[in-house]
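# Analysis of the macromolecular model
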Amino acid sequence: MLDQIVAHTRRRVAAAEAAKPLHQLMKALEDQSSAFFPRSLPQAFGQQAAMAVIAEIKRASPSKGPLNMTLDPKEQADWYEQAGVAVISVLTEPEHFKGSNEDLVQVRCCVKCPVLRKDFLVTPYQLYESRLLQADVVLLIAAALPGDQLAAMHRQAAALGLQCLMEIHTREEVERVLALPLQRERDFIGINNRNLKTFQTSLETTRQLRPLIPGEFICISESGISTPDTVAELKEMNIQGILVGEALVTAADPGNALKLLVGTG
Ligand SMILES: O=C(O)c1ccccc1NCC(=O)[C@H](O)[C@H](O)COP(=O)(O)O
């Protein structure tokens, strides 16, 4: 599935680049630079009394199909912010998650917290694009960036002033990520509990990989998190934040669902 999504993403980026070449993006970025004030993820996490939540905005997923096709990104973001969210993650991938770049722009405008661009970022063009969309944080998935690609994307993201959520799922990916010149104020580790081959989620992934990550880095557990008991278990594993999608976008009252999850409701 990951290979399929990445192949589709490369075609999507090629089309975007044909319509608007990189040099035009760079020029637009120069014009925008003085008006962009990035929002810090560590600062947002520092303001949280309970487990910090990165709440996701997505309409569908490859594993579950449609989740909430009528979701209004601004309304959902507003509910999250009122419930005390730390960061909002916006899925911009159109084919499998039914998201768009416009969703991110709308959300970033209407909230004060940092916004994560969740997509399959595999080319530098997408990093320039993310910066232009005013994303504060981008997701770099180690499994989608083999060989030198991970280091190259991380370097370029840093050069553009983007904070990075470095997503890992295996011991080998932890080693690849930790070999990069990470900075703890700007780079965060996301342990994905979802196996992207089988779609199964297991907290065991976080339990096994968390001890391999140095304590200086903010560490986030991602996917399949839907109960306060799970959140309590993750706290015991020394996890500072959780990334939650399905449990919130399918809830009748997403703000209340968020508060109940972390015990602030
Ligand atoms: O969610 C999927 O089916 C999926 C399939 C292939 C690649 C990525 C996928 N999900 C992206 C995510 O990382 C999740 O949206 C995120 O961790 C939230 O997970 P959940 O709370 O289980 O919705």
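Looking up the protein chain in an unreviewed UniProt entry gives the name indole-3-glycerol-phosphate synthase, with the organism given as Anoxynatronum sibiricum. Its UniProt record gives the protein chain a comment under Pathway (unreviewed entry), which states: "Amino-acid biosynthesis; L-tryptophan biosynthesis; L-tryptophan from chorismate: step 4/5." Word for word, the UniProt comment on the protein chain under Catalytic activity (unreviewed entry) is "1-(2-carboxyphenylamino)-1-deoxy-D-ribulose 5-phosphate + H(+) = (1S,2R)-1-C-(indol-3-yl)glycerol 3-phosphate + CO2 + H2O".

A few words on the overall build of the protein chain. Across its full length, the protein chain holds twelve helices and ten strands. For the protein chain, the C-alpha radius of gyration of 17 Å lies close to 18 Å, the compact-globule estimate for 265 residues. Burial analysis of the protein chain (265 residues in total) assigns 43% to the buried set. The long-range share in the protein chain, meaning contacts at least 24 apart out of those at least 6 apart in sequence, stands at 67%.

Further remarks concern the UniProt feature "domain: Indole-3-glycerol phosphate synthase" (unreviewed entry) in the protein chain. Residues annotated by UniProt as "domain: Indole-3-glycerol phosphate synthase" (unreviewed entry) correspond here to residues 2-259. Taken as a whole, residues 2-259 contains 42% helix and 17% strand, while its terminal C-alpha atoms sit 32 Å from one another.

Taken together, 18 residues are adjacent to the ligand, and Ser 61, Ser 63, Ser 223, Gly 245 and Glu 246 come closest. Secondary-structure elements contributing two or more residues to the shell around the ligand are β10 (241-244) and α11 (246-249). Residue composition of the shell around the ligand, grouped by class: eight nonpolar, six polar and four charged.

Looking now at the sheet that holds strand β7 (residues 163-168). Read around the closed barrel, eight strands run β1-β4-β5-β6-β7-β8-β9-β10, paired in parallel fashion. Ignoring which end each strand starts from, the neighbouring axes of this sheet average 25° apart. Examined bridge by bridge, strand β4 (residues 87-91) and strand β5 (residues 115-118) share four bridges and lie parallel to one another. Its bridge partner being in β5, Ser 89 is matched across the sheet by Leu 116.

A few words on the confidence of the model for the protein chain. Low-pLDDT stretches of the model should not have their predicted coordinates read in fine detail. The share of residues in the protein chain with pLDDT of 70 or more is 100%, and the mean pLDDT across the chain is 96. If you check the scores for this complex, the pTM reads 0.96 and the ipTM reads 0.97.

Counting residues in hydrophobic clusters, the biggest one holds 69 residues, and the most contacted among them are Val 53, Ile 88, Leu 140 and Ile 242. Contacts of Ile 88, omitting those with residues within four sequence positions, involve Ala 55, Ile 57, Ala 77, Tyr 80, Val 107, Val 111, Cys 113, Val 115 and Leu 116.

When two helices pack together, their arrangement is given by the angle between their axes and by how far apart the axes lie. Contact pair helix α4 (residues 73-82) / helix α12 (residues 254-262): the axes reach a minimum separation of 8 Å and the direction vectors enclose 35°. α4 and α12 meet at a crossing whose hand is right-handed. Mapping the contact onto sequence places Gln 76, Trp 79, Tyr 80 and Gln 82 in α4 and Pro 254, Gly 255 and Leu 258 in α12. When its residues are assigned to classes, the contact of α4 with α12 shows four nonpolar, three polar and no charged.

Our next topic: the environment of Pro 66. Residue placement: Pro 66 occurs in strand β3 (residues 65-66). Look at Pro 66 and you get exposed, because 10 C-beta atoms sit within 10 Å. Pro 66 sits 51 residues away from Arg 117 along the chain, and the two C-alpha atoms are 20 Å apart. Aside from chain neighbours lying at most four places away, what touches Pro 66 is Arg 59 and Ala 60.

The backbone phi angle of Lys 98 is positive, close to 60°, even though this residue is not glycine. By C-beta crowding, Lys 98 is classed as partly exposed, having 18 other C-beta atoms within 10 Å.

For the pair helix α2 (residues 22-32) and helix α6 (residues 124-132), the least separation of the axes is 10 Å and the interaxial angle reads 30°. The angle between α2 and α6 places the two elements in the roughly parallel class. For the pair α2 and α6, the crossing hand works out as left-handed. Taking contact as the criterion, the partners of Leu 22, Leu 25, Met 26, Ala 28, Leu 29 and Gln 32 in α2 are, on α6, Tyr 125, Tyr 128, Glu 129, Arg 131 and Leu 132. Within the contact of α2 with α6, the residues separate by chemical class into eight nonpolar, one polar and two charged.

The next point concerns the pairing of strand β9 (residues 219-222). Alternating residues of β9 divide into Cys 219 and Ser 221 and Ile 220 and Glu 222, and every residue in both groups is buried. Relative to β9, strand β8 (residues 187-192) runs parallel, the two sharing four bridges. Bridging across to β9, Gly 190 finds its partner in Ile 220. Where the polypeptide runs from β8 across helix α9 (residues 204-209) and back to β9, its parallel neighbour, the crossover connection is right-handed.

Thresholds applied
- Along every chain, residues carry numbers that run from 1 in the direction the sequence is written.
- In keeping with the model being predicted, local features are shown solely for residues with a pLDDT of at least 70 and side-chain atom pairs are shown and tallied solely at 80 or more, while totals for entire chains, interfaces and linings include all residues.
- UniProt positions are given in the numbering used here, feature names are shortened, and annotations may be inferred rather than shown by experiment.
- In this description a helix means any DSSP run of H or I spanning at least four residues, a strand means any run of E spanning at least two, and both kinds are numbered starting from the N terminus.
- In this setup the radius of gyration rests on C-alpha atoms only. A globule is expected at 2.2 Å times the number of residues raised to 0.38.
- Burial in this document is a count-based property: other C-beta atoms within 10 Å of a residue's C-beta are tallied, and the residue is buried at 20 or more, exposed at 12 or fewer, or partly exposed in between, with C-beta positions derived from the backbone.
- By the criterion used throughout, residues are in contact when their C-beta atoms, derived from the backbone, lie within 7 Å.
- Proximity of a residue to a molecule or strand is defined by its backbone-placed C-beta atom lying within 6 Å of that partner.
- We call Asp, Glu, Lys and Arg charged. Ala, Val, Leu, Ile, Met, Phe, Trp, Tyr, Cys and Pro are nonpolar, and the rest, Gly among them, are polar.
- Strand pairing follows a simple DSSP-based rule, namely that at least 2 bridges must link the two strands.
- Lines fitted to the C-alpha atoms define the axes, with helices restricted to the stretch that makes contact. Angles between their N-to-C directions range from 0 to 180 degrees.
- Per residue, pLDDT captures the predictor's confidence, and it can take any value from 0 to 100.
- The nonpolar core is taken to be a set of buried Ala, Val, Leu, Ile, Met, Phe, Trp, Tyr and Cys residues joined by way of C-beta atoms within 7 Å.
- We call a crossing left-handed when the near helix sits turned anticlockwise from the far one by less than a right angle, and right-handed when that turn is clockwise.
- For classification purposes, an angle smaller than 35 degrees is called roughly parallel, one larger than 145 roughly antiparallel, one from 65 to 115 roughly perpendicular, and anything else oblique.
- Assignment of crossover handedness uses the view with strands pointing away from the viewer, where a clockwise path from the first strand over the helix to the second indicates a right-handed crossover.

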